[in-house]
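# Overview (structure and organization)
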Amino acid sequence: MFGDLMGMMGRLKETQEKVKATKERLNTVMIEEKSTDGLLTVTLTANREIKSIVIDDSLLKDKEQLEDYLVLTLNKAIEKASKVQETELGAVAKEGMPNIPGMDSLFK
């Protein structure tokens with residue numbers, strides 16, 4: 001009984017280390033999102049840290065339009081980054097889960 005418990009604790013620690021390493025790696029995964037007309041480009045990491053925003057000069061003339069572009073484009077980029085992060089961390093977490101009947105259906 002204690003052997004199984006010790007084994008599970010070891011796997012939990014290993015999984016925690018893999019999650020930490022995955023989060024660090026996601027800092028290097030860049031997500032780029034452009035507005036539909038290409039006048040605004042946002043780049044952020046898969047951990048949702050904004051790295052750059054490139055704005056076409058034509059957008060600087062209309063503050064309200066620029067704000068709309070920023071909100072829409074940033075939200076799209078954040079959604080993409082969240083999906084990448086969720087997929088990557090989910091895979092690591094699933095890998096480290098003990099084999100408990102019925103748990104597999106939670107990760108589908």
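Just above sits the structure.
Summarised in this report is the structure supplied together with it. Worth saying up front: this structure is predicted, and the values here are computed from it rather than measured. (Residues numbered from 1 in each chain as written. Predicted model: local features only at pLDDT ≥ 70, side-chain atom pairs only at ≥ 80, totals over all residues. Heavy atoms only, no water.)

### Points about the overall build of the protein chain
Helix and strand content of the protein chain: 2 helices and 3 strands. Overall, the protein chain shows an N-to-C arrangement of helices and strands of α-β-β-β-α. Every one of the 108 residues in the protein chain was classed for burial, and the buried ones make up 22%. For the protein chain, the share of sequence-separated contacts (at least 6 apart) that also reach a separation of at least 24 residues comes to 50%. Carbon and sulfur atoms make up 57% of the accessible area of the protein chain, which totals about 7,900 Å². (Helix = DSSP H or I, 4+ residues; strand = E, 2+ residues; numbered from the N terminus. Buried < 20%, exposed > 50% of the residue type's maximum accessible area, 1.4 Å probe, protein only. Contact = heavy atoms within 4.5 Å. Areas by Shrake-Rupley, 256 points an atom, 1.4 Å probe, with all protein chains shown as cover.)

### What to know about the nonpolar core
Among the nonpolar cores identified, the biggest contains 10 residues, and these are Ile31, Leu40, Val42, Leu44, Leu59, Leu66, Tyr69, Leu74, Ala77 and Ala81. Looking at this core, the elements that each hand over two or more residues are β2 (40–45) and α2 (63–96). Looking at this core element by element, the count peaks at 5 residues for α2. Dropping the residues within four chain positions of it, Ala77 is found in contact with Ile31, Glu33, Val42 and Leu44. (Core = buried A, V, L, I, M, F, W, Y, C linked by side-chain atoms within 4.5 Å.)

### Section: the pairing of strand β1 (residues 30–34)
Side chains Ile31 and Glu33 of β1 all project onto a buried face; the interleaved residues Met30, Glu32 and Lys34 project onto a face where none is buried. Across 5 bridges, β1 lies against β2 in antiparallel orientation. In the strand pairing of β2, Glu32 is matched with Thr43. From the end of β1 to the start of β2, which pair antiparallel, there are 5 residues, and Gly38 there has a positive phi angle of about 75°. (Pairing = 2+ DSSP bridges.)

### Thoughts on the sheet that holds strand β3 (residues 50–55)
One open sheet holds the 3 strands; their spatial order is β1-β2-β3, and the pairing between them is antiparallel. The open sheet has two free edges, formed respectively by β1 and β3, since each of these has just one partner strand. Neighbouring strand axes in the sheet, compared pairwise and without regard to direction, differ in orientation by 10° on average. (Axes fitted to C-alpha atoms, helices over the stretch in contact; angles between N-to-C directions.)

### A closer look at the environment of Lys80
Turning to its location among the elements, Lys80 is positioned in helix α2. Linking Lys80 and Ala46, residues 34 residues apart in sequence, is a C-alpha distance of 8.0 Å.

### Regarding the side chain of Thr73
One can find Thr73 in helix α2. A distance of 2.8 Å separates a polar atom in the side chain of Thr73 from the backbone oxygen of Tyr69. The residues touching Thr73, leaving out its near neighbours within four places in the chain, are Glu33, Lys34, Ser35, Leu40 and Val42. (Polar contact = N/O pair within 3.5 Å; in protein donor to acceptor, adjacent residues only side chain to side chain.)

### A look at unusual backbone geometry
If you check the backbone angles, Arg48 has positive phi at about 70° while not being a glycine. Along the chain, the position of Arg48 falls in the loop between β2 and β3.

On their own, these measurements won't tell you what the molecule is for.
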